Amino acid sequence: MKFVDEYRDADLGRALAAEIVTTVEPGRHYKVMEVCGGHTHTIYKYGVDDLLPANVELVHGPGCPVCVIPMGRVDDAIAVARIPEVIFTCFGDMMRVPGSAGTLLDAKAEGADVRMVYSPLDALRIARQNPGRQVVFFAIGFETTAPSTALTLMRAKAERVPNFSCFCNHVTIVPPLRALLESPDLRLDGFIGPGHVSTVVGARPFEFIPRDYGKPIVISGFEPLDVLQSVHMVLTQLAQGRCEVENQYTRVVPYDGNPRALEALAEVFELRPHFEWRGLGFISQSGLKLSAAYRDFDAESRYPVPGIRVADPKACQCGEVLKGVIKPWECKVFGTACTPERPIGTCMVSSEGACAAYYNYGRLARERQVV
Amino acid sequence: MTHAGQAAACAAGESCITCSDQGVVLHVLHVMADGIGRCADEGGRVEEIDLTLIDGVAEGDIVLAHAGVALVRIRREQVRS
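These figures come from a predicted structure and were not determined experimentally.

Q: Where do I start with the overall build of chain A in this structure?
A: From N to C terminus, chain A includes 14 helices and 13 strands. Computed over the C-alpha atoms, the radius of gyration of chain A is 21 Å, within 12% of the 21 Å expected from 2.2 N^0.38 for a compact globule of 371 residues. Seen through its principal axes, chain A has C-alpha atoms that stretch 65 × 45 × 45 Å. Burial analysis of chain A (371 residues in total) assigns 55% to the buried set. When contacts within chain A are restricted to residue pairs at least 6 apart in sequence, long-range pairs at least 24 apart make up 77% of them.

Following this line, the structure appears as structure tokens:
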């Protein structure tokens, strides 16, 4: 397949793996976090970790947007979805994320009008087609999907669509990275940086990682050779005693991001003082809400939401998985009580979730078989 | 717009191209006056994408889209070896 096969070439992969072996110090253990759930998916789908030396450990980060949604926000979404005049729209993965008393899919089965959409623009279209109903879009995601929500709200405002609103749960990537770097639980050597978030924000926001924490970060693409090359670049920095922001994904990521997308985000959103992340707790200035100019489109202003913080199920260890403290298979319920068909935790729901990636690609073994 | 192909991909357990916040590479087939473009993925599935965040998008361009919005035009360079 054009523009894909080039990045899945097995011979190139083996050559890169051989270079990695010569780059690492034999007695040293390396922990490299891939921030983005898309990278986790690639690593386990293509067996990238099997090509690495045993002393190079990939740690999964918090960059799966579905996985970091706390249960209380799911409960709030379900409360809005149950309002009779509401058509509640969301991405497919969100329908299966458990709240404290079921999922949006359960609410749909019980009569709520919950519909899956592929973009907020589809939700706006539903609003235009149903002027007698109120259409609410469950907005989630990092800076990759936030521009889509922003453009949709700008269109809704320009077209004066009165029956469209947004339940905003967008988050930003830098604050949780800073929280992880401050965490005493985790000692990381470097980061594989989020490729698609960087198409919007650019590489500049990650400069604090080498500057303040002395760690390298390499912004990476999502094909297996992209990830493997990025691991090599991180390890090369460490071997040479450097720590910088490097961009492996130059074919897609401009260093300054997409200024027009950033302008749209600045117009439509503003930072919340605090936002709760599953597993990471409340993080200051990490979540987005609608700006005053778009307050009329804010579902939280239009409808009462419970707004109650709900603790994760005790059996679920998504929090530790999201922080990279444990591997998915170390969770007590992984693959037994918690499976993609009947998930307990968010990490098993999304295809980008670390637990789902392990489970779907047969990574049930507790010992890695290194080739 | 039809998403039947995407839904089938989700049902098969593969990554859905947009519903879990994943990017998709698309070829621009036609750009309409309101900044919306008809775009196709490698499998030939066509969807409407908002192109307004990128300057001068034209037919034949390749873009990366998230949740129905093109974020960047992709350059056709090779992987560094």
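Q: Please clarify how the overall build of chain B should be interpreted in this entry.
A: When helices and strands are tallied, chain B shows one helix and five strands. Out of the 81 residues belonging to chain B, those deemed buried represent 42%. Pairs at least 24 apart in sequence give 31% of the contacts found in chain B among residues at least 6 apart.

Q: Would you explain the confidence of the model for chain B in this entry?
A: If pLDDT is low for a region, its predicted coordinates should not be looked at in detail. Residue and element names in this part refer to chain B. Here chain B shows a mean pLDDT of 73. Residues at 70 or above account for 65%. Within the model, the stretch residues 1-20 combines pLDDT values under 50 with 41 contacts to residues more than four positions away or in other chains. The complex prediction reports pTM at 0.85, with the ipTM value standing at 0.75.

Q: Looking at this model, I keep getting lost on the nonpolar core. Mind explaining?
A: In summary, soluble globular proteins display a tendency toward joint burial of nonpolar side chains. The biggest cluster of nonpolar side chains holds 136 residues, and the ones touching the most others in it are Val-32, Phe-167 and Val-231 of chain A together with Ala-70 of chain B. At eight residues, the largest contribution of residues to this core is made by helix 10 (residues 224-239) of chain A.

Q: In this structure, what is going on with unusual backbone geometry? I would like to understand it.
A: Trans peptide bonds make up the majority, and among non-glycine residues the majority have a negative phi. Residues and elements named next belong to chain A. Although it is not a glycine, Arg-160 adopts a positive phi angle of roughly 55°. With respect to the helices and strands, Arg-160 occurs in the loop between helix 6 (146-159) and strand 6 (164-170). The class of Arg-160 is exposed, set by 6 C-beta atoms lying within 10 Å. Unlike most non-glycine residues, Gln-285 shows phi in positive territory, near 50°.

Q: Before we go on, may I ask you to explain the sheet that holds strand 9 (residues 245-247) of chain A in this structure?
A: Within a beta sheet, neighbouring strands are joined by backbone hydrogen bonds and run either parallel or antiparallel to one another. All names here are of chain A. Pairing in this open sheet of five strands is parallel, and the strands run 2-1-7-8-9 from one edge to the other. Here the strands that pair on one side only, and so sit at the sheet edges, are strand 2 (56-63) and strand 9. Each strand axis lies, on average, 20° off the axis of its neighbour in the sheet, ignoring direction. Of the pairings in the sheet, the one linking strand 8 (residues 217-219) to strand 9 comprises three bridges and is parallel in character. Looking across to strand 9, one finds that Ile-217 is bridged to Val-245. Taken strand by strand, helix 2 (residues 37-46) contacts strand 1 (30-36), strand 2 and strand 7 (190-193), and its axis lies near 120° from that of strand 1.

Q: It is not clear to me how helix 7 (residues 174-182) of chain A should be interpreted in this structure. Could you clarify?
A: Since the α-helix turns once every 3.6 residues, residues separated by three or four places project in the same direction. Residue and element names in this part refer to chain A. Where helix 7 is concerned, the buried positions are Pro-176, Leu-177 and Leu-180. The buried residues of helix 7 occupy an angular sector of 105° when the element is viewed end-on, so they sit on one face. In this structure, the buried residues of helix 7 make contact with strand 1, strand 2, helix 9 (208-213), strand 11 (274-277) and strand 12 (281-284).

Q: Just to check I follow, could you spell out the environment of Gly-37 of chain B for this structure?
A: All names here are of chain B. Assignment of secondary structure puts Gly-37 in strand 2 (residues 36-40). Residues Gly-37 and Asp-50 lie 13 residues apart in sequence; the distance between their C-alpha atoms is 6.3 Å. Not counting chain neighbours up to four residues away, the residues in contact with Gly-37 comprise Val-28, His-30, Val-31, Met-32, Ile-49, Leu-51 and Val-57.

Q: Looking at this model, I keep getting lost on the pairing of strand 4 (residues 113-116) of chain A. Mind explaining?
A: Each regular strand carries side chains that alternate between the two faces of the sheet. Residues and elements named next belong to chain A. Judged by which residues are buried, strand 4 turns out to be one-sided: Val-114 and Met-116 face inward and are buried, whereas Asp-113 and Arg-115, on the alternate face, are not. The pairing of strand 3 (residues 86-90) with strand 4 spans four bridges and is classified as parallel. Each bridged residue has a counterpart across the sheet, and for Cys-90 the counterpart in strand 4 is Met-116.

Q: Sorry if this is basic, but what is going on with the sheet that holds strand 4 of chain A here?
A: Residue and element names in this part refer to chain A. Taken in spatial order, the four strands line up as 4-3-5-6 in an open sheet, and their pairing is parallel. Of all strands in the sheet, those with a lone pairing partner are strand 4 and strand 6, marking the two edges. Taken over all neighbouring pairs, the strand axes of this sheet differ in orientation by 25° on average, direction set aside. Across seven bridges, strand 5 (residues 134-141) lies against strand 6 in parallel orientation. Paired with Gly-141 across the bridge in strand 6 is His-170.

Rules used throughout
Residues numbered from 1 in each chain as written. Chains lettered and ligands numbered in written order. Predicted model: local features only at pLDDT ≥ 70, side-chain atom pairs only at ≥ 80, totals over all residues. Helix = DSSP H or I, 4+ residues; strand = E, 2+ residues; numbered from the N terminus. Rg over C-alpha atoms; globule rule 2.2 N^0.38 Å. Buried ≥ 20, exposed ≤ 12 C-beta atoms within 10 Å, placed from the backbone. Contact = placed C-beta atoms within 7 Å. pLDDT = per-residue confidence, 0-100. Core = buried A, V, L, I, M, F, W, Y, C linked by C-beta atoms within 7 Å. Pairing = 2+ DSSP bridges. Axes fitted to C-alpha atoms, helices over the stretch in contact; angles between N-to-C directions. Arc of directions from axis to C-beta.

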